[in-house]
Amino acid sequence: MDFIAGAIGGGLSTAVGYPLDTVKVRIQTERRYNGIWHCIRETYRTEKVWGFYKGVSASVLMVSVISSVSFGAYKNFLCTICKLRYGAADVKPSKLDVSLAGGAAGAVRVVLMTPSEVAKVRMQTQRNPHPSDTSPQPLSEPRYRGSLHCLKVIAKEEGFGGLYKGCSALLCRDCSSSAIYFLTYSALCDWLTPAGKNKPGFLVVLLSGGFAGVLAWGLATPMDVIKSRMQIDESDQHKYKGLVHCARESVRKEGARVLFKGLGLNCIRAFPVNMVVFVTYEAVLRFTDRY
């Protein structure tokens, strides 16, 4: 049931946070924007509302699958760790157990999500001026006609490795942030739940989920910047040789602050998105337990 609850929560959260994710990716990968509002204005001026939702269809589907795997893997890893350490799966896990299970779930998630992340970032950074703002017809045919076409073009031109660009940065990002994510949520729920109650109330779930998301994304932002830059590096560019080279070149050209581009936006987006994830997850589990 954890897999189903995670899938529903992930799908709903994507619908909530996708426009801000597009803005975040553009700020991280392009130097033409002066800030969040400048990026929002320019995107709307040239591409209208649809500019914020490029690649959303595949993202909703993949995030649902990935969220399902993430929550399901976390729960199964946690049960396995508890069995190995204490001899039973239903004992209360320690904070170390929760962190280890969260980190392992993050590693599993990376294997599935990297191709969809590459397609999402390429779609979000692709420019398609709105006809009414330039001329009656689009200036040129877009390179990628959709998320699936994007994946097909990448596989054809860049090979299988192209689908896993930025995998090293994504692995660093998700293992650490996933460990912090589940640890923070678990710790806050324990702390805010009154003594004698077995399960946290929905207000506690909302707050714990929101703050867990903010803390996890605060930690993840530097690797998120590197990941996005590596993933937009197409076959004819070869700007970056790997994670370390990308980080070094980015810092050399734009200073250390480049690693924190989109930090505020990540944190703003993370709170409502992860509130939705956890409250949906808990609601689905409690509904199935009851009926």
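- As recorded in an unreviewed UniProt entry, the protein goes by the name Solute carrier family 25 member 47, listed as coming from Tauraco erythrolophus.
- Per UniProt, the protein has the following entry under Sequence similarities (unreviewed entry): "Belongs to the mitochondrial carrier (TC 2.A.29) family."
- The Subcellular location (unreviewed entry) field of the UniProt record for the protein holds the comment "Mitochondrion inner membrane".

A look at the overall build of the protein
- When you go through the protein residue by residue, the secondary structure sums to 10 helices and zero strands.
- Taken from the N to the C terminus, the helices and strands of the protein come in the order α-α-α-α-α-α-α-α-α-α.
- Expressed as a percentage of the 291 residues in the protein, the buried residues total 50%.

Topic: the environment of Ile180
- Along the chain, the position of Ile180 falls in helix H7 (residues 167-192).
- Judged by relative accessible area, Ile180 falls into the partly exposed class, the value being 27%.
- On a C-alpha basis, the gap between Ile180 and Gly102 in space is 7.5 Å, while along the polypeptide they are 78 residues apart.

Structural notes on a nonpolar patch on the surface
- A contiguous nonpolar patch, built from Trp191, Leu192, Leu203, Leu207 and Phe211 and spanning about 560 Å² of accessible area, is present on the exposed surface.
- Elements supplying a minimum of two residues to the nonpolar patch: H7 and helix H8 (202-231).
- With three residues, the top contributor of residues to the nonpolar patch is H8.
- Relative to the elements of secondary structure, Leu207 occurs in helix H8.
- Overall, Leu207 belongs to the partly exposed group, its relative accessible area being 35%.

Describing the side chain of Ser250
- Relative to the assigned elements, Ser250 resides in helix H9 (residues 243-254).
- Engagement of the side chain of Ser250 in a polar contact is seen with the side chain of Arg229, the distance being 3.3 Å.
- Among all residues touching Ser250, those that are not within four sequence positions of it are Arg229, Tyr240, Gly255 and Val258.

Comments concerning the pattern of salt bridges
- According to the stated counting rule, one finds 23 salt bridges in the structure shown.
- Its salt-bridge partner being Arg109, residue Asp174 comes within 3.2 Å of it at the nearest N-O pair. With a gap of 65 residues between them, Asp174 in helix H7 and Arg109 in helix H4 (residues 95-124) connect regions that are remote in the sequence. A single burial state applies to Asp174 and to Arg109, both of which are buried.
- Across the pair Arg173 and Asp174 runs a salt bridge, and its minimum N-O distance is 2.7 Å.
- With relative accessibility at 5%, the residue Arg173 sits in the buried group.

Calculation rules
- Residues numbered from 1 in each chain as written.
- Predicted model: local features only at pLDDT ≥ 70, side-chain atom pairs only at ≥ 80, totals over all residues.
- Heavy atoms only, no water.
- UniProt positions renumbered as here; feature names shortened; annotations may be inferred.
- Helix = DSSP H or I, 4+ residues; strand = E, 2+ residues; numbered from the N terminus.
- Buried < 20%, exposed > 50% of the residue type's maximum accessible area, 1.4 Å probe, protein only.
- Patch = residues over 30% accessible without salt bridge, like charges linked within 9 Å, V, L, I, M, F, W, Y side chains within 5 Å.
- Areas by Shrake-Rupley, 256 points an atom, 1.4 Å probe, with all protein chains shown as cover.
- Salt bridge = Lys/Arg side-chain N within 4 Å of Asp/Glu carboxyl O.
- Polar contact = N/O pair within 3.5 Å; in protein donor to acceptor, adjacent residues only side chain to side chain.
- Contact = heavy atoms within 4.5 Å.

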